[in-house]
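# Breakdown of the fold
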Amino acid sequence: MSEQLKLIVEQLNREPFKKNFNLITFDSLEPMQLLQTLNDVLSEIDPKQAIDIREEMPEQTAKRMFTILGMMKYKPAGGISEVSSFRQGLVIGSKPVVHPILHWLLQRIPELKKRAYLARFLTKLEVPAEFLQDDVIAATFHQYEELVEGFKNIHKECEQLKSSGFSTAEIRRDIVVMDEEKDQLIKRVDRLRKRVEAVSNHQRMLELARQLRMEKEQEESLTHQKQEQKNQLFQAEQRLQRSQIQLKDLQQAAADAKPESLMKRLEEDIKFNNYMVSEKLPRELENMRKVVQYLQKVASEPAMGQAELRELEDKIRETNTEINQLIEKRMMQNDPMDDKLSLFKQQAAIIVRKKETKVEELQEAREELAAIERKLNMKSSQTRERGGMELIRGDEFKRYVAKLRGKSSTYKKKRQEMFELKMEYGVLQRTEEILKEQHTAGQQQLQSLEAQRGISGYSDTQEELERVSTIKSDLDEMKGRTLDDMSEMVKKLNSMIAEKKSALSPLIKDLRGLRQEHAELAPVYEQKKAQYDTCAAGLESNRSKLEQEVRTFREKTTQDESRYHYINCMREIIESQMQRAADQSKISQSTDLQVRRTALSPRGGVVTHLNPGGDRRTVNLRILSRGLLSALTWTLARVEPRAILLVVSTHNSPCAPLKARTTSKRP
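Every chain is numbered on its own, with residues counted from 1 as its sequence reads. It should be noted that, the model being predicted, local features are given only for residues of pLDDT at least 70 and side-chain atom pairs only at 80 or more, the latter also being counted only at that level, while totals for whole chains, interfaces and linings use all residues. For side-chain calculations, the full set of non-hydrogen atoms in the structure is used, while hydrogens and water are omitted.

### Structural notes on the overall build of the chain
The cut-off we apply is this: Helix and strand assignments come from DSSP, with helices taken as H or I runs of at least 4 residues and strands as E runs of at least 2, each series counted from the N terminus. The cut-offs for exposure are 20% and 50% of the maximum accessible area for each residue type, with area from a 1.4 Å probe on protein chains only; residues under the lower value are buried, those over the upper are exposed, and the others partly exposed. By definition in these notes, contact holds between two residues if any of their heavy atoms fall within 4.5 Å. Note on areas: Shrake-Rupley, 1.4 Å probe, and residue coverage restricted to the protein chains presented here.
Looking only at helices and strands, the chain has 17 helices and four strands in total. A burial count over the chain gives 16% of its 667 residues as buried. Put simply, of all contacts in the chain between residues at least 6 apart along the chain, 60% involve residues at least 24 apart. Taken as a whole, the chain presents about 53200 Å² of accessible surface, with 57% of it coming from carbon and sulfur.

Next comes the structure, spelled out in C-alpha cells:
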C-alpha cells in the first residue's frame, strides 16, 4: 500500500499536475478533495472532464466517473461481487476505492489518452429499433456506421505510418535537395523562356510543342495497351487450346465408358455424398456455429488495449503450461493397458484425419473438375458458334501426338539452354560482385591517397563535373533539336498562312465591293420595307372593312329576296281567293243545279307552317293550284330554313297522300 501511495504522490507532483503533495498531506485529504484530485487526473486524460465537482451533484459526478472508467475498462479489485460497494465508495470518496483508481490511471496516462480520443468517435449511438424503421434515420445510421469504420481504417494506417520508422532527418534532407533542384529547374526554365520569347509567335509554337508531347504520350499509352491486349489474346488462345484438348480427352473417355464403370462411379459418388451429409457437413456446421458464437461474443465486448492483451496472453501461456503438466501427470499415472488403448485411439484418430483430408481433397478435386467442365462447355459452345474443329481421331490424332512429341523435345532443348544461360548468368553475377568489390577497394585506396595528399574528394568532384557536363550536353542537344523543330514548324506555318492569304485575296476584293454595295442598298431597303409595311397594314384594314360590308349586304339581299317571294306568293293566293270569290258569286247567281254541286265539291289544300319556335300558322286554301303550293313551300323555306311544311292535297280524291318537306339549308 505504501508503494502505491508513493507512486501516486510522485506522479501527481510531476507535470502536468504539480500538486506538491507528500505522503502525509495526500493521505490526509478530505473525500471531496480526493474526488477532485481524481477528477483532475481524468480531465488530463479527457479534457471534457475538467469540471469543479463542487458545482455538480454527487449523483452526476458518480455517474460521469462510472461512465469514463467503464470506457477505459477499469476493473475493480473485488470483481463483480464487489460492484455495489465499489460504487458506494466512489460516491463518498473512500480511500480504498479512489487510491487504486489513481494508481491504475497514473500508470497508463498515454494509453488512456489514446483510448479516450478513440472512444469519442468509436462509441456507437444506441438507436431504438422502431426508429430504424424510418428510411431517413436508417440511411443516416448506416452512413454513421460507415464513417466509424472509415475512421478505424484511417487510424490504423496512421498508426502504421507512425511505427514504420521513417526518419524525419532523411525526409528533410530530401526536401532540401528537391528544393535546390526545383530552384535550378526554375532558373533553366527562365533562361529558356527568355530565349524563346525573342522568337516571333512563340506562344503558338509552345502550344504546338505541348500538343506534340501530349500526342506522343498518348501514342505510347496506346502502344502499351496494344501490347497488353496482344498478351491477353495470346493467353486466351492458349487457354482455349488447353480447354479443347481437355474436351477431347473427356469426350474420348465418355465414348469408351461402360455400364459397369458408370455404376461403380455412381456407387462411389453415393458413398461420398452419404459421408458428407452424415458426418463431415454436420461437424463443419457445428464448428462454424461455435466460431460464430465466439465471434459474436468477441464483437459484443468493448475494445481491448495492449495491456489487457498482454494479460490475456500471459493467462493463455499459464493455462497451456498447466495443461502440459496435467498431460504429463496423466501419462505417468497411466497403466500399460491404457497405453495400448491410447495407441489404438491415436491410430484411429490418425485414420480419421487421413480420411477427412482425403475427403477434402476429393471435394476440392470435384469442385475443380466442375469448374473445368463449366469452362469446357462454355469454350465448346463458343467453338461451335465460331465454326470450330471437331474431335481429332485416328491418323490425325497420331500426327498430333507426333507433333506434341516434337514440341516436347524442342521444349527440353530450350529448357537446357535456359539452364545453361542461368548458370552463365550466375557466373557473370559473381564476376560483377568481385569487380564491384575491387572497385570499392580501389575507391577506398584512392580516397586514402587523396587524404594523404590533402585533396580529399577530388575524384568525387571530378565524377560530378563529368556527370554535370554530360547532362549539360544532353540538355543542349535536346534544346537544339527542340529549337530546330520549332523553327521548321514556324516555316511550315508561315508558308501555309501565305498560301491561304493568296487564295483568299481575290475573295476579299470581291467581298469589299459587295460590302460597299450592301452599305448603299441597306438604307433604301429599310425605307422601302417601312413603306410596304405601312401600306400593307392599311390595305389589310380596308379589306376587313369591305368583307364585313359584303357580308352585311349579302344577308340583307337574302332577306329581301325571301321577303319578295313571300309577298309574291301571298299576292297570288289573294288573287286566287278573289277569283274564287268572283266565281262563287257567279255560281250563286246561276240557276243550274249541276254547276252548283260541282262548285261545292272540296278542292284545294291546307298548308300548315311549323316554325322552329313551335307555334303553328295555318293557311286554309279552298282552291290552290299545285304551282302556288310549290311556290309557297319554297318561299317559306327561304324565309325560315328549319321550317316544316305539311301539305295536304285534296284534288278530287278523298284519300289524298300526305307530303312532308323538311328543309335544313338554303338552296
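Right, picking up where we left off after that structure.
### Regarding the environment of Arg120
Locating Arg120 in the fold gives a position in helix H7 (residues 109-122). Exposure remark for Arg120: the relative accessible area of 48% places this residue in the partly exposed category.

### Points about the nonpolar core
Our working rule: For this analysis, a nonpolar core means a set of buried residues of the types Ala, Val, Leu, Ile, Met, Phe, Trp, Tyr and Cys, connected via side-chain atoms within 4.5 Å.
Ranked by internal contacts, the top residues of the largest apolar core, which has 32 residues, are Phe26, Leu38, Ile101 and Leu105. Contributing elements (two or more residues each) for this core: helix H1 (2-13), helix H3 (31-45), helix H4 (58-71), helix H5 (83-92), helix H6 (95-107) and H7. For this core, the element with the highest residue contribution is H6, accounting for seven residues. Look past the residues within four positions of Ile101 in its chain and what remains in contact with it is Leu38, Leu69, Tyr74, Phe86 and Leu90.

### Concerning H4
Applied cut-off: An expected span of 1.5 Å times one less than the residue number is assigned to each helix. Directions are taken from the helix axis to each C-beta atom, and the arc is the one they span.
With 14 residues, H4 ought to run about 20 Å at 1.5 Å a step, and its terminal C-alpha atoms sit 20 Å apart, in line with that. Taken residue by residue, H4 has Thr61, Ala62, Arg64, Met65, Ile68 and Leu69 as its buried positions. All buried residues of H4 lie within an arc of 165 degrees about the axis, which places them on one face of the element. Facing away from the buried side of H4, by more than 90 degrees, are the exposed residues Glu59, Lys63 and Thr67. Buried residues along H4 sit in contact with H3, H5 and H6.

### Observations concerning the pattern of salt bridges
The line we're drawing: Take a side-chain nitrogen of Lys or Arg and a carboxyl oxygen of Asp or Glu: if they are within 4 Å of each other, that pair is a salt bridge.
This model, assessed by the stated rule, comprises 19 salt bridges. Among the ionic pairs, Arg543 bridges to Glu540, the shortest N-O distance being 2.6 Å. Separated by three residues within a single helix, Arg543 and Glu540 lie in helix H15 (residues 458-589), roughly one turn from each other. A residue is classified by how much of its surface remains accessible, and Arg543, at 40% relative accessible area, is partly exposed. Because the salt bridges share partners, they merge into one network encompassing Lys472, Asp476 and Lys479.

### Focus on the side chain of Asp46
Inspection of the secondary structure puts Asp46 in the loop between H3 and H4. Take Asp46: its relative accessible area is 11%, and that puts it in the buried class. For Asp46, the residues in contact, after removing those within four places along its chain, are Ile68 and Ala116.

### Remarks on a nonpolar patch on the surface
Cut-off, in case you're wondering: Think of a patch as exposed residues, more than 30% relative accessible area, with no salt bridge, where like charges cluster within 9 Å and nonpolar side chains (Val, Leu, Ile, Met, Phe, Trp, Tyr) cluster within 5 Å.
A contiguous nonpolar patch, built from Val291, Tyr294, Leu295 and Val298 and spanning about 390 Å² of accessible area, is present on the exposed surface. Inspection of the secondary structure assignment puts Tyr294 in helix H11 (residues 259-300).

### Side note on H15
Note the cut-off: Values of bend correspond, residue by residue, to the angle between axes fitted over the seven residues ending at that residue and the seven starting there.
At Leu504, H15 shows its maximal kink, close to 40 degrees; a proline, Pro506, follows between one and four residues later. If you check which residues of H15 are buried, you get Ser459, Met486, Val490, Ser562, Cys569, Ile573, Arg580 and Ile587.

### A few points about a negative patch on the surface
How we decide: Residues scored as charged are limited to Lys and Arg (positive) and Asp and Glu (negative), so that His and the chain ends carry no count. We put the charge of a Lys on NZ, of an Arg on CZ, of an Asp on CG and of a Glu on CD.
A contiguous patch of negative charge, built from Asp179, Glu180, Glu181 and Asp183, is present on the exposed surface. Assignment of secondary structure puts Asp179 in helix H9 (residues 168-197). Judged by its relative accessible area of 40%, Asp179 is partly exposed.

### Examining the confidence of the model for the chain
Which entries qualify depends on this criterion: For every residue, the predictor states its confidence as a pLDDT score lying anywhere from 0 to 100.
Confidence in the prediction for the chain averages 77 pLDDT; 80% of positions are at 70 or higher. Across the chain, H15 holds the top mean pLDDT of 88, while strand E4 (residues 658-662) sits lowest at 38. Across residues 602-627, where pLDDT falls below 50, the model places 70 contacts with residues more than four positions away in sequence or in other chains. Within the model, pLDDT remains below 50 along residues 638-667, and this stretch shows 67 contacts once partners closer than five positions in the same chain are excluded.

### Points about the environment of Thr357
Relative to the helices and strands, Thr357 resides in helix H13 (residues 336-385). Given a relative accessible area of 36%, Thr357 falls into the partly exposed group.

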